[in-house]
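# A closer look at the structure
Okay, here's what each chain looks like letter by letter:
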Amino acid sequence: MRIALTAHGKDFAAAIDSRFGRADYFVIYDQEKDSWDCLSNEQNLEAAHGAGIQAGQNLLKTGAEVLITGHVGPKAFKVLDAGKVKMYSFGDMNGTVEEVLTAFLDGKLTPIVAANAVEVKR
Amino acid sequence: MLISIASGKGGTGKTALTLLLAAAHSDINVVDGDVEEPNCHLFLKPKSEGQRKDVTIMVPNIDADRCNGCGACAEVCLFNAIAITGGKALIFDELCHSCGGCMLKCPQDAIVEQRKSIGVITCGDSTTISSTRLMSGVLKIGVPSGVPLIKAIKKEAQGIVGDVLFDCPPGTSCSMVSAVKESDFCILVTEPTSFGKHDLELAMNITQLLEIDTGVVINKSDGGAGDEAIEAICRNRQIPVLAKIPYSLSFAREYSAGIIANDYQAIAKDIWRQIRPGGRAEA
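Overview of the structure.

Calculation notes
- Residues numbered from 1 in each chain as written.
- Chains lettered and ligands numbered in written order.
- Predicted model: local features only at pLDDT ≥ 70, side-chain atom pairs only at ≥ 80, totals over all residues.
- Heavy atoms only, no water.
- Helix = DSSP H or I, 4+ residues; strand = E, 2+ residues; numbered from the N terminus.
- Rg over C-alpha atoms; globule rule 2.2 N^0.38 Å.
- Buried < 20%, exposed > 50% of the residue type's maximum accessible area, 1.4 Å probe, protein only.
- Contact = heavy atoms within 4.5 Å.
- Areas by Shrake-Rupley, 256 points an atom, 1.4 Å probe, with all protein chains shown as cover.
- Lys, Arg positive; Asp, Glu negative; His and termini not counted.
- Charge placed at Lys NZ, Arg CZ, Asp CG, Glu CD.
- Buried area = accessible area lost by both parts, 1.4 Å probe.
- Salt bridge = Lys/Arg side-chain N within 4 Å of Asp/Glu carboxyl O.
- Polar contact = N/O pair within 3.5 Å; in protein donor to acceptor, adjacent residues only side chain to side chain.
- Axes fitted to C-alpha atoms, helices over the stretch in contact; angles between N-to-C directions.
- Parallel < 35°, antiparallel > 145°, perpendicular 65-115°, else oblique.
- Core = buried A, V, L, I, M, F, W, Y, C linked by side-chain atoms within 4.5 Å.
- Pairing = 2+ DSSP bridges.
- Disulfide = S-S within 2.5 Å.
- Phe/Tyr/Trp six-rings, centres within 6.5 Å; stacked < 30°, edge-to-face > 60°.
- Lys NZ or Arg CZ within 6 Å of the ring centre and 35° of its normal.

## Section: the overall build of chain A
Helix and strand content of chain A: four helices and six strands. The C-alpha radius of gyration computed for chain A amounts to 13 Å, which stays within 12% of the reference 14 Å derived for 122 residues, consistent with globular compactness. For chain A, buried positions account for 48% of its 122 residues. Of the contacts formed within chain A by residues at least 6 apart in sequence, a portion of 52% connects residues at least 24 apart. Here chain A displays about 6200 Å² of accessible surface, and carbon together with sulfur accounts for 50% of that area. Each charge sign in chain A was given a centre, from 13 positive and 16 negative side chains, and these centres are 10 Å apart.

Here is the structure:
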């Protein structure tokens, strides 16, 4: 299973990023191979609209089956949900990618069953 | 003559000036193009003629049976309005700009356009200012862009015989640009503050780019350094200052109660004189 985490940096020592659509990076852990991978989300940081949709789309391409983040907006949720990605929230936890992954593997994180980021109406 | 009233900074007095100019004119059409928050009706209290025109845009709709999730539509969309997920295209029509590109690109003919209502245009005669008609655009809540509605109401306004005052949305982005576009004259309302001056210059850049004759009205005039800073940039750009409306607490008080006071009728008449063809003030 491939597990993606939103982070401010590129590897398992990076601090986690609670944003999904506008996260700096997706750090991806491959359980079978016990290896790490990284996907930059830079282009979406600057996007005026649709950052969540594009980020969701990019994440699907990595083959990740689990996403661990803080908040998922309504549009990103639709994309990921239809793509059968299971989402988990680390809530207000702080720490590194590795620490949060450990918390997930220990079953300590809550599943995200509905969009949990407030949509700002423009 | 179609006169647009814009500002850059919000709250400088676009609507106040629009209504002052309407009151100083014997037979006028006011168009409220600030579709995200129209407010001219609060002052003009129009008696509705029962005409409500629904404004729609075209958005794509996916035939899930035909869609094979190839992604050609998502790739061509500049606004991230389409995602490929679960083997199918998923459309977020609130981000769609109605370009139709996805429909052209789809190799499966799985996309058809459908109408989506984004707002209404209403018309009525004012019950507070005689011989004044009001046309308002009202954007539906949650619709992210007012531009298609502004374009629709602008088209209606261009069909009106006689003088039209077009109250524009604030800012200098797409909605303001589409509102001032194709007007015969643009009045930029500003206030003698740093914010007012900064946004006035941005607004001036727009009307210059669109080659629209422009004049400036300084509202809430301080008769001092603030006015002078505005006058200096107007001089530099050879844009006339049409009028200065003094800062007045009593005017603001009346305004907040939905009443346009008669205080500045002479100023409004003088603005009309200047913007009439041939009556232009020199910068």
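## Details of the overall build of chain B
When its secondary structure is counted, chain B shows ten helices and eleven strands. By principal-axis analysis of the C-alpha atoms, chain B measures approximately 65 × 45 × 35 Å. Taking all 283 residues of chain B together, 50% fall into the buried category. In chain B, of all internal contacts separated by at least 6 residues, the share reaching a separation of at least 24 is 75%. Put simply, chain B shows about 13200 Å² of open surface, and 51% of that area lies on carbon and sulfur atoms. Averaging the locations of the 27 positively and 33 negatively charged side chains of chain B gives two centres separated by 2 Å.

## Looking at the interface of chain B and chain A
Size of an interface: often given as the accessible area lost when the parts come together. Across the contact, 13 residues belong to chain B and 14 residues belong to chain A. Carbon and sulfur atoms make up 59% of the area that chain B and chain A hide from each other, which totals about 1200 Å². The largest share of the area that chain B buries against chain A comes from Asn80, Thr85 and Phe92 of chain B, three residues that together contribute 40% of it. For the pair chain B and chain A, the interface holds zero salt bridges. Here chain B is connected to chain A by four residue pairs in polar contact (both at pLDDT 80 or more). If you tally residues by element for the side of chain B that touches chain A, the top one is strand 4 (residues 82-85) of chain B, at four residues.

## A word on the pattern of salt bridges
Residues and elements named next belong to chain A. For the structure shown, the criterion picks out 15 salt bridges over all chains. Residues Asp24 and Arg19 are paired through a salt bridge, measuring 3.8 Å at the closest nitrogen-oxygen approach. For Asp24, a relative accessible area of 19% corresponds to the buried category. A residue is classified by how much of its surface remains accessible, and Arg19, at 37% relative accessible area, is partly exposed.

## What to know about the packing of helix 1 (residues 14-23) of chain B against helix 10 (residues 265-275) of chain B
Residue and element names in this part refer to chain B. Orientation of helix 1 relative to helix 10, taken along the N-to-C sense of each, is 85°, at an axis distance of 8 Å. The orientation of helix 1 relative to helix 10 falls into the category roughly perpendicular. Here Leu17, Leu20, Leu21 and Ala23 of helix 1 come into contact with helix 10, specifically with Gln265, Ala268, Ile271 and Trp272.

## Concerning the nonpolar core
Residue and element names in this part refer to chain B. Judged by nonpolar contacts, the single largest core of 37 residues is most densely connected at Phe166, Val180, Leu188, Met204 and Val216. Those residues in contact with Leu188 that lie beyond four places of it in its chain are Ala6, Ser7, Leu200, Ala203, Met204, Thr207, Thr214, Gly215, Val216 and Val217. Counting 32 residues, the second-largest nonpolar core is a separate cluster that includes Leu44, Ala243, Ala261 and Trp272.

## Topic: the side chain of Asp24 of chain A
Along the chain, Asp24 of chain A falls in the loop between strand 1 (2-7) and strand 2 (25-30). For Asp24 of chain A, the residues in contact, after removing those within four places along its chain, are Ala7, His8, Asp17, Arg19, Ser40, Asn41, Glu42 and Leu45 of chain A.

## Quick notes on the sheet that holds strand 2 of chain A
Residues and elements named next belong to chain A. Read from one edge to the other, the open sheet built from six strands follows the order 3-2-1-4-5-6, with strand pairing classed as mixed. Looking at strand neighbours, the two that pair on one side only are strand 3 (35-40) and strand 6 (110-111), the edges of this open sheet. Direction of pairing for strand 1 relative to strand 4 (residues 66-69): parallel, over a ladder of three bridges. Bridge assignment links Leu5 to a residue of strand 4, and that residue is Ile68.

## Structural notes on helix 3 (residues 74-82) of chain A
All buried positions along helix 3 of chain A are accounted for by Lys75, Ala76, Phe77, Val79 and Leu80 of chain A. If you follow the buried residues of helix 3 of chain A, they end up packed against helix 2 (51-61), strand 4 and strand 5 (86-89) of chain A together with strand 4 and strand 5 (88-91) of chain B. One or two positions beyond helix 3 of chain A, positive phi appears at Lys84 of chain A, with a value near 60°.

## Quick notes on the state of the cysteines
All names here are of chain B. According to the stated counting rule, one finds zero disulfides over all chains in the structure shown. Free of any disulfide, Cys99 has its nearest cysteine sulfur in Cys102, 6.3 Å distant. A residue is classified by how much of its surface remains accessible, and Cys99, at 64% relative accessible area, is exposed.

## Focus on the environment of Ile111 of chain B
Residues and elements named next belong to chain B. If you trace the backbone, Ile111 turns up in strand 6 (residues 111-126). Taking the C-alpha atoms as reference, Ile111 lies 5.6 Å from Asn61; in sequence the two are 50 residues apart. Setting aside chain neighbours within four positions, we find Ile111 in contact with Pro60, Asn61, Ile62, Cys73, Cys102, Met103 and Cys106.

## Things to note about the packing of aromatic side chains
For any pair of aromatic rings, geometry is given as the distance between the ring centres together with the angle between the planes. In total, this model carries six aromatic pairs over all chains according to the counting rule given. Over the aromatic face of Phe166 of chain B sits the side chain of Lys154 of chain B, whose NZ or CZ is 5.0 Å from the ring centroid.

## A short note on the pairing of strand 3 of chain A
Here is the key point about a regular strand: its side chains alternate between the two faces of the sheet. All names here are of chain A. With six bridges joining them, strand 2 and strand 3 adopt antiparallel strand pairing. By the bridge assignment for strand 3, Val27 is matched with Cys38. Here strand 2 folds back onto strand 3, and the loop between the two strands holds four residues, one of which, Asp34, carries a positive phi near 50°.

Everything listed is a geometric property; what it means functionally is a separate question.
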